[in-house]
Each structure stands twice: as C-alpha cells, then as structure tokens.
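Each chain, letter by letter, is given below.
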Amino acid sequence: MSSTTARESTAGADGGCRTAGSGTAGSRIAGSGTAGSGTAGSRTAGSGTAGSRTAGSGTAGSSTPGHHARELRARGGFALLAVVQMTLIFTLASLAVPLPRIGTEFRLDRAQLILLSAAYGLTFAGLLLFGGRLADRFGGRRTLTAGLLVFGAASALAPLTPGYEALLGARFGQGVGAALVAPAAMAVLRSLFPEPAAYGRAMATWGGLSVLGATAGNLLSGVIAAAASWRGTFAVPVAVAVAALLLAPRVLPGTAPRGGPAAAGRSLDLPGALLATAGITLASLGLVLTDAHAWGSAPVLVPLLAGLVLLAAFGAVERRTADPLLPPDFLRDRRRGLGLAAIGLTATGMAGVFILLSLSFQQQRGWDELRASAAFVPFAAVLLSSGRLAGPLIRRYGPGRVTATGLGTAAAGLGLLAATGFDASVPYAYGLLPGLLLLPAGGALSFSAAAVLTTEGVPAHRAGLAGGVLNTAMELGPTVVFAALLTLGGDAVSLAAAAALFTALAVLTIRVK
C-alpha cells in the first residue's frame with residue numbers, strides 16, 4: 001500500500017504499548033523491555049478486544065458458513081498468539097520484584113545482579129533481527145515452533161538451577177527462544193488476517209499485549225514469590241510454551257515463506273546476523289554495567305567498544321550485501337524513525353518506573369514483595385482503560401498527534417514520580433498515585449500510535465523484519481537508554497531526565513501526519 005493510500009485509511013489501535021520492564025540490580029538496574037507490537041501494513045480502522053471483534057476477519061456483511069469457520073479459526077489463532085506474546089514479556093519482567101531475594105539466596109554482588117537482570121533482554125534484543133529473517137525465510141509457524149521449544153526448555157531448566165551460573169545460562173536461553181517467537185508470531189498474525197482492515201484491528205489489540213504482560217509479570221511475580229518461591233514464576237512460561245506447541249498445529253496456519261519462491265531462496269545473511277547479534281549484545285552489556293562500574297573501567301569499555309566496532313562492521317557489510325538482514329531503506333522514513341524512537345523511549349520510561357519503584361518500595365519503605373506488586377494495580381487499570389481509547393483517537397486525530405499527546409502525558413507522570421516517588425515519608429495516595437496514573441495513560445497512547453507510525457506501508461514479505469525491528473527498539477530502549485540515564489545521578493534525576501526526553505520527542509512528533 002502506498003503512503004498516500006495508507007493515509008486515507010483510518011488508524012486502528014486499541015491496546016496500549018509495548019513496553020516491558022525487567023530486572024533489577026542493587027538500587028538501580030538497567031532493565032530490558034519488550035517485545036513486539038506493530039503492523040506490517042497500513043493503518044486501518046477499528047479497535048476491539050482480543051478474541052472478539054478485534055480478531056475478526058472477512059468483509060462486512062459476510063455470513064456464509066465458510067466465512068464463519070474462518071473467523072472462528074482466526075479468533076482462536078489470535079488468542080493463542082496473544083497469550084504467547086504476553087508470556088514473553090511476563091518472563092522479561094518476572095524477576096523484577098523477587099530479584100533482591102535471589103541476590104540474598106545466591107549471595108550475588110551488584111555486577112552479578114545486573115547481568116542476571118539483563119540476560120534475557122540481551123539475547124532477546126541481539127537476536128531479534130535474525131529471528132525476523134528466519135520467519136520471513138522459513139515461514140512463521142515453523143520458526144514459532146522452534147522458538148517455543150527453546151523458550152520452553154530454558155524455562156523448565158531455570159527453576160531447577162542450583163546456583164547463579166546455571167540460572168544465568170537459563171535466562172540467556174529464554175532470550176534466544178523469545179527472539180525467534182516474537183517476530184514469527186507477527187508473521188503468523190499476518191497470515192491469519194490477510195485483509196488490511198481485519199489485520200489492522202488485530203494489530204490494534206496486539207499493541208497492548210506486551211505492556212499487559214509486563215504489568216502481569218511485575219504483579220504476579222511478587223505474589224508468587226511471597227506465597228512460595230521466586231522459582232515458581234517459571235511455571236508460567238513452561239505451561240504456556242507446552243500448551244502453544246500442542247495447539248499451534250490446530251489453530252495456526254502453516255505459513256509459507258513471505259514473498260513466494262523468491263523469498264524461499266533468500267540468503268540468511270549469516271555475516272550480518274553474527275555481527276548484529278554480537279554488536280547489540282556487547283554494546284548493551286557495556287552500557288548496563290555502567291550502573292556498577294565507572295565509564296572508564298575495563299568491564300564497561302571492553303564490551304562497549306567491541307560492540308560499537310562490530311555494529312560499524314555490520315553497517316559496512318549490509319551496504320555491500322545483495323540481500324541484507326536490515327535493508328538500509330527500511331529506517332530512512334522519517335515517520336518510521338520517530339515511531340521507533342517513541343516506542344523505545346516509552347518502553348524506557350515504563351520499565352524504569354517498574355524497576356526503580358519496585359526497589360524503592362522494598363528497600364526504602366520496607367514493603368514485602370506482595371505489597372510492592374499491589375502498588376502497581378492502579379497502573380494496570382489505567383493502562384487497560386487508556387488502551388481502549390487509543391483507536392478512536394488515532395482515527396480522529398492521526399497517529400502523530402496521538403503519539404505526541406501520549407508522550408506529553410507520560411512525561412508529566414514521570415516528572416511527578418521524580419519529584420515525590422522516592423521520598424519514603426510521602427504517602428502513596430498523593431505522592432505516588434498521580435504519577436502512576438498519568439504514566440500508563442500516556443504510555444498506552446504513545447505505544448499504539450507509534451506502532452502505526454513505524455509499520456505503515458511495510459510489505460507482507462517484510463512482516464518478520466518489521467516485527468524484529470519493533471521488538472529491537474522496545475528491548476534496546478530500556479537496556480541502553482535507561483542505562484545511560486542511570487549514570488546521570490540518583491533515581492529521581494534519571495526519571496526527570498526521561499521526562500525531558502519524552503517532552504522533546506513529543507514536540508518533534510506532533511506535526512507528523
């Protein structure tokens with residue numbers, strides 16, 4: 001669909017953002033958010049809820065038995081993919097609240113806690129581009145199945161680990177599986193809803209799944225840790241992976257490679273994949289470790305500089321490759337660039353608040369895991385409500401203005417939390433609650449509208465690529481940007497700086513159509 005035609009369609013977005021917070025370390029830790037929303041097609045009208053009218057397909061007024069059967073199959077497939085997507089982000093956020101207890105049990109120092117908190121997100125972010133290429137090359141369901149096997153196996157091993165090193169390896173393994181699953185799920189979703197209007201409605205709801213998964217991870221992990229053990233949080237990804245592997249052949253189409261025979265013959269660009277994966281992982285690790293080490297120290301400089309060199313080599317290789325892993329033209333569109341920036345920054349702010357406040361609640365206010373998790377219940381409620389408003393607002397005002405409005409609202413929430421959120425003497429009701437209401441209200445709008453800006457006009461054969469790029473932005477935002485913000489000073493300073501970045505990006509985005 002051309003840009004002109006796409007802009008004549010109305011935008012559907014009902015469901016929030018794609019953020020995710022994960023992990024903590026000591027008092028301030030770079031979390032990793034993310035995983036995947038966005039559409040590989042045009043902006044289309046409609047909003048709804050998962051498994052109902054949102055996931056409908058077909059043309060209006062069609063009521064033939066065949067159409068009804070296809071619609072039921074599409075809804076079942078959407079529901080399965082939705083649960084899988086939320087579980088990926090649940091797993092990303094599930095160690096945020098119980099991490100201090102894990103550190104005590106395994107006697108971990110600050111650097112070890114940081115690495116454990118970031119391990120899942122590092123491999124998740126580093127492999128996403130390659131995961132998208134695999135989905136486009138081999139088909140969505142095949143790649144999804146492979147990813148679920150890896151993800152489920154690593155999740156099953158994690159609670160059995162006797163010590164830090166084994167748990168760290170299991171978290172890395174979960175990230176590898178998730179990097180295959182997330183873009184493959186978007187490729188399968190495109191096959192479930194081939195019509196632009198139906199796909200747009202489905203993607204409107206898809207945008208809110210990740211933030212719901214992140215919120216559930218933060219809420220339920222505290223409940224599980226308080227009632228039993230942090231090891232129990234891994235039961236959720238294991239159960240979902242097993243169920244999805246059993247149900248996928250029944251409810252998901254056996255997707256062929258996008259683009260037909262030409263796509264099937266595409267190279268995997270292994271040099272580009274290796275350079276991108278190693279570069280993103282090492283550079284992100286170096287930035288994450290700035291929370292525990294000085295910028296000029298070897299633990300920071302060695303991985304950071306090595307990662308930057310590898311990313312520079314990746315750029316050079318991609319310009320000379322006939323079939324690059326990340327086509328240079330994919331990121332040149334100004335709308336897509338602003339959309340990706342909004343997604344990454346929104347993920348950064350929301351992940352940072354989960355991480356820093358979870359620690360503050362337990363370390364400064366003396367709350368247990370259950371009470372710390374319960375403090376985010378209003379956050380979740382507003383997130384759901386704001387997500388339902390996103391679709392109508394995008395249709396009426398356009399994705400640029402809605403993205404800017406969401407960023408501005410979220411900036412206000414971050415500013416309030418920076419001013420009062422870390423003072424243990426300030427009551428929760430008026431010291432924390434206003435910020436915890438404004439941030440999700442704005443974040444839901446920003447994510448939904450930014451997904452439209454980012455993915456409009458992406459052809460079907462690049463559905464996996466679009467999913468990989470979107471998820472990468474969502475992962476790198478909390479990992480890289482948040483790590484950089486933490487070096488500016490205390491927790492309050494980090495959130496205040498994030499609020500300033502939100503405001504600046506809102507100004508740049510407001511005039512985008």
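How each quantity is defined
Residues numbered from 1 in each chain as written. Predicted model: local features only at pLDDT ≥ 70, side-chain atom pairs only at ≥ 80, totals over all residues. Heavy atoms only, no water. Helix = DSSP H or I, 4+ residues; strand = E, 2+ residues; numbered from the N terminus. Buried < 20%, exposed > 50% of the residue type's maximum accessible area, 1.4 Å probe, protein only. Patch = residues over 30% accessible without salt bridge, like charges linked within 9 Å, V, L, I, M, F, W, Y side chains within 5 Å. Areas by Shrake-Rupley, 256 points an atom, 1.4 Å probe, with all protein chains shown as cover. Salt bridge = Lys/Arg side-chain N within 4 Å of Asp/Glu carboxyl O. Contact = heavy atoms within 4.5 Å. Phe/Tyr/Trp six-rings, centres within 6.5 Å; stacked < 30°, edge-to-face > 60°. 1 Å grid on protein atoms, 1.4 Å probe; cavity = no way out; pocket = protein on both sides within 12 Å on 5 of 7 lines; lining within 4 Å. Points joined across faces, edges and corners; volume = space filled by probe spheres on them. Nonpolar A, V, L, I, M, F, W, Y, C, P; charged D, E, K, R; others polar. Expected span 1.5 Å × (residues − 1). Bend = angle between axes of the 7 residues up to and from the residue. Axes fitted to C-alpha atoms, helices over the stretch in contact; angles between N-to-C directions. Parallel < 35°, antiparallel > 145°, perpendicular 65-115°, else oblique. Left-handed = near helix turned anticlockwise from the far one by under 90°.

**Q** Lay out the overall build of the protein in plain terms, naming residues and giving numbers.
**A** Secondary structure summary: the protein contains 20 helices and 0 strands in total. By the burial criterion, 60% of the 513 residues in the protein qualify as buried.

**Q** Lay out the environment of Phe-124 with the relevant residues and their values.
**A** Mapped onto the fold, Phe-124 is located in helix α4 (residues 110-138). Assessed through its relative accessible area of 0%, Phe-124 is described here as buried. Separated by 50 residues in sequence, Phe-124 and Gln-174 have C-alpha atoms that sit 8.1 Å apart.

**Q** Outline a nonpolar patch on the surface, listing residues and values.
**A** On the surface, a nonpolar cluster with roughly 270 Å² of combined accessible area is contributed by Val-242, Leu-246 and Leu-247. Mapped onto the elements of the fold, Val-242 is located in helix α9 (residues 235-251). According to the relative accessible area criterion, Val-242 is partly exposed, its value standing at 45%.

**Q** Mind laying out the environment of Leu-148, listing which residues take part and the relevant values?
**A** In this fold, Leu-148 is placed in helix α5 (residues 140-157). On the basis of relative accessible area, Leu-148 is assigned to the buried category, the value being 3%. Counting along the chain gives 29 residues from Leu-148 to Gly-177, while the straight-line C-alpha distance between them is 6.2 Å. Once residues within four sequence positions are removed from consideration, Leu-148 is found in contact with Val-84, Val-181, Ala-241, Ala-244 and Leu-245.

**Q** Go over the packing of aromatic side chains with me, naming the residues and quoting the values.
**A** In total, this model carries 10 aromatic pairs according to the counting rule given. Ring geometry for Phe-361 against Phe-376: centres 5.8 Å apart, planes inclined by 50°, an arrangement best described as tilted. A residue pair is termed long-range when its members are at least 10 positions apart, and Phe-361 in helix α13 (residues 334-363) and Phe-376 in the loop between α14 (369-374) and α15 (377-397) qualify at 15 residues. The class of Phe-361 is buried, set by a relative accessible area of 0%. Considering the side-chain rings of Phe-376 and Phe-379, the 6.3 Å spacing of their centres and the 80° angle between planes classify their relative orientation as edge-to-face. Each member of the pair, Phe-376 as well as Phe-379, is classed as buried. A network of ring pairs unites the aromatic residues Phe-354, Phe-361, Trp-367, Phe-376, Phe-379 and Tyr-428 as a single cluster.

**Q** Break down empty space enclosed by the protein for me, with residues and values.
**A** Enumeration over the complete set of coordinates arrives at 2 cavities of 30 Å³ or more. Considered as a void within the structure, the second largest cavity measures approximately 30 Å³ in volume. If you go around the second largest cavity, the residues you meet are Phe-330, Arg-336, Leu-340, Thr-454, Thr-455, Val-458, Ala-466, Val-469 and Leu-470. Of all the secondary structure elements, the ones that give two or more residues to the lining of the second largest cavity are α13, α18 (433-455) and α19 (463-486). No other element matches α19, which puts 3 residues into the lining of the second largest cavity. Classifying every residue of the lining of the second largest cavity by side-chain character gives 6 nonpolar, 2 polar and 1 charged.

**Q** So what's going on with the side chain of Thr-87? Residues and values would help.
**A** Within the secondary structure layout, Thr-87 lies in helix α2 (residues 65-93). For Thr-87, a relative accessible area of 6% puts it in the buried group. The residues contacting Thr-87, other than those within four sequence positions of it, are Phe-151, Val-236, Pro-237 and Val-240.

**Q** If you had to explain helix α11 (residues 270-288) to someone new, which residues and values would you point to?
**A** Turn by turn, an α-helix covers 3.6 residues, leaving residues three or four places apart pointing in a common direction. End to end, α11 covers 27 Å across 19 residues, agreeing with the expected 27 Å (1.5 Å per residue, within 8%). Counting buried positions along α11 gives 14 out of 19 residues, so the element sits mostly inside the fold.

**Q** Pulling in residues and values, what's your account of the layout of surface pockets?
**A** Empty space within the largest pocket amounts to approximately 360 Å³. Forming the boundary of the largest pocket are 17 residues, of which Leu-340, Val-469, Thr-472, Ala-473 and Leu-476 lie nearest the centre. Elements with a contribution of two residues or more to the lining of the largest pocket: α12 (298-320), α13 and α19. Classifying every residue of the lining of the largest pocket gives 14 nonpolar, 3 polar and no charged.

**Q** Can you lay out α9 for me, pointing to particular residues and giving the numbers?
**A** End to end, α9 covers 24 Å across 17 residues, agreeing with the expected 24 Å (1.5 Å per residue, within 8%). Maximal helix bending in α9 amounts to about 30°, located at Leu-245; proline Pro-249 follows within four positions. Of all the residues in α9, the buried ones are Pro-237, Val-240, Ala-241, Ala-244 and Ala-248.

**Q** Account for the packing of α13 against helix α16 (residues 399-420), with residues named and values stated.
**A** For the pair α13 and α16, interaxial distance at closest approach is 11 Å and the crossing angle is 25°. Classed by the angle they form, the pair α13 and α16 counts as roughly parallel. When the axes of α13 and α16 are compared, the crossing they make is left-handed. Contact residues: α13 offers Arg-335, Ala-342, Thr-346, Gly-349, Val-353 and Leu-357, while α16 offers Pro-399, Thr-403, Leu-407, Leu-414 and Leu-417. Of the residues that constitute the contact of α13 with α16, the class distribution is 7 nonpolar, 3 polar and 1 charged.

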